[in-house]
Amino acid sequence: GESVGLHLPTLSVQEGDNSIINCAYSNSASDYFIWYKQESGKGPQFIIDIRSNMDKRQGQRVTVLLNKTVKHLSLQIAATQPGDSAVYFCAENKMKTSYDKVIFGPGTSLSVIP
Amino acid sequence: DTAVSQTPKYLVTQMGNDKSIKCEQNLGHDTMYWYKQDSKKFLKIMFSYNNKELIINETVPNRFSPKSPDKAHLNLHINSLELGDSAVYFCASSPVRRGAAYEQYFGPGTRLTVT
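Worth saying up front: this structure is predicted, and the values here are computed from it rather than measured.

Definitions and cut-offs
- Residues numbered from 1 in each chain as written.
- Chains lettered and ligands numbered in written order.
- Predicted model: local features only at pLDDT ≥ 70, side-chain atom pairs only at ≥ 80, totals over all residues.
- Heavy atoms only, no water.
- Buried < 20%, exposed > 50% of the residue type's maximum accessible area, 1.4 Å probe, protein only.
- Helix = DSSP H or I, 4+ residues; strand = E, 2+ residues; numbered from the N terminus.
- Pairing = 2+ DSSP bridges.
- Disulfide = S-S within 2.5 Å.
- Contact = heavy atoms within 4.5 Å.
- Salt bridge = Lys/Arg side-chain N within 4 Å of Asp/Glu carboxyl O.
- Axes fitted to C-alpha atoms, helices over the stretch in contact; angles between N-to-C directions.
- Core = buried A, V, L, I, M, F, W, Y, C linked by side-chain atoms within 4.5 Å.

**Examining the pairing of strand β11 (residues 108-113) of chain A**
All names here are of chain A. Here β11 shows a buried face lined by T108, L110 and V112 and an unburied face lined by S109, S111 and I113. In the sheet, strand β2 (residues 10-14) pairs with β11 via five bridges, with the strands oriented parallel. By the bridge assignment for β11, Q14 is matched with I113.

Right, here's the structure in full:
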């Protein structure tokens with residue numbers, strides 16, 4: 001079956017350090033992989049995505065790496081700030097003919113230590 | 001200028017009752033979703049509508065019935081509520097696929113507690 005999972009359920013990082021959040025997936029047929037951030041009491045918010053034919057994509061302070069050989073996805077956050085404290089979800093998007101379906105992983109909680 | 005709004009934000013009710021959660025988006029998106037997030041933060045899709053047409057219907061008890069009066073609204077009605085229905089329910093919307101992973105915009109969530 002399809003599944004997206006995370007190696008670490010919680011992660012604590014010192015402010016200013018870089019954070020790396022990892023994700024393993026089992027479905028090779030996904031077209032895109034996506035990272036969402038969910039702050040306490042709020043809904044998930046899109047951060048960045050990567051197409052399955054790419055291996056790296058950079059955004060503002062974030063980089064997503066995709067290793068299809070080992071079915072591994074990671075989100076790197078540079079110079080982590082207190083505002084980065086949240087639960088991070090990796091998700092896979094499978095495009096179908098008439099609709100897309102996003103499957104979320106279980107989430108990693110990131111805590112930034114001031 | 002709220003993009004995706006849900007009402008109510010909190011809902012406490014007793015087992016056996018029937019309740020509804022409303023969702024509205026002002027982004028002009030064609031597709032709307034309902035997700036359930038359990039106490040462990042696991043987020044699972046329940047339903048998806050595209051232009052008022054049901055396109056995703058996951059394995060959800062038929063006590064849950066979505067209704068989309070127009071493409072800006074997607075409501076969720078739950079009959080005969082059970083303890084296991086306690087969760088946070090998120091509504092989301094997204095534009096028509098543009099050849100890229102489309103970004104889903106989530107509402108603030110409705111925390112449902114069944115006692």
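Still more ground to cover, so stick around.
**Focus on the state of the cysteines**
Enumeration according to the criterion identifies two disulfides over all chains in this entry. The disulfide partner of C23(A) is C90(A), and the gap between their sulfur atoms is 1.8 Å. Taking the sign of the torsion about the S-S bond as the criterion, the disulfide between C23(A) and C90(A), at about 50°, is right-handed. With C23(A) in strand β3 (residues 19-25) and C90(A) in strand β9 (residues 86-95), the pair connects residues that are 67 residues apart, well separated along the chain. Assessed through its relative accessible area of 0%, C90(A) is described here as buried. Two residues share a disulfide in this structure: C23(B) and C91(B), whose sulfurs sit 1.9 Å from each other. Across the S-S bond linking C23(B) and C91(B), the dihedral sits near -75°, which makes this disulfide left-handed.

**Side note on the environment of F64(B)**
All names here are of chain B. Structurally, F64 can be placed in strand β7 (residues 64-70). Considering only alpha carbons, one finds F64 and L11, 53 residues apart in sequence, at a separation of 16 Å. In contact with F64, other than residues within four places in its own chain, are M46, F47, L76, H77, I78, D85 and Y89.

**Examining the pattern of salt bridges**
Per the stated rule, a full pass over the model turns up six salt bridges over all chains. The salt bridge involving R61(A) is made with D84(A); its shortest N-O contact spans 2.9 Å. Placement of R61(A) in the loop between β6 (56-58) and β7 (62-67) and of D84(A) in the loop between β8 (72-77) and β9 is noted, with a sequence separation of 23 residues between them. Take R61(A): its relative accessible area is 30%, and that puts it in the partly exposed class. A salt bridge links R63(B) to E82(B), with the nearest nitrogen and oxygen atoms 3.5 Å apart. Here R63(B), found in the loop between β6 (53-57) and β7, pairs with E82(B), found in the loop between β8 (73-78) and β9 (87-94); they are 19 residues apart in sequence, far enough to count as distant. A single salt-bridge network, built from bridges that share partners, covers R63(B), E82(B) and D85(B).

**Comments concerning the sheet that holds strand β3 (residues 19-25) of chain B**
Residues and elements named next belong to chain B. Across the sheet, which stays open at both edges, the four strands sit in the order β1-β3-β8-β7 with antiparallel pairing between neighbours. Single-partner strands in this sheet number two, and they are β1 (4-7) and β7. Strand-to-strand twist in this sheet, taken as the mean axis angle between neighbours without regard to direction, amounts to 20°. Sheet topology note: the β1/β3 ladder contains four bridges and is antiparallel. The residue bridging V4 from the neighbouring strand is Q25, located in β3.

**Thoughts on the nonpolar core**
Generally speaking, a soluble globular protein has its nonpolar side chains buried in company with each other. W35(A), L73(A), L75(A), Y88(A) and L110(A) are the most contacted members of the largest nonpolar core, which totals 20 residues. Elements with a minimum of two residues in this core: β2, β3, β4 (32-38), β5 (45-51), β7, β8, β9 and β11 of chain A. Membership of the second largest hydrophobic core comes to 19 residues, among which are I21(B), Y89(B), L112(B) and V114(B).

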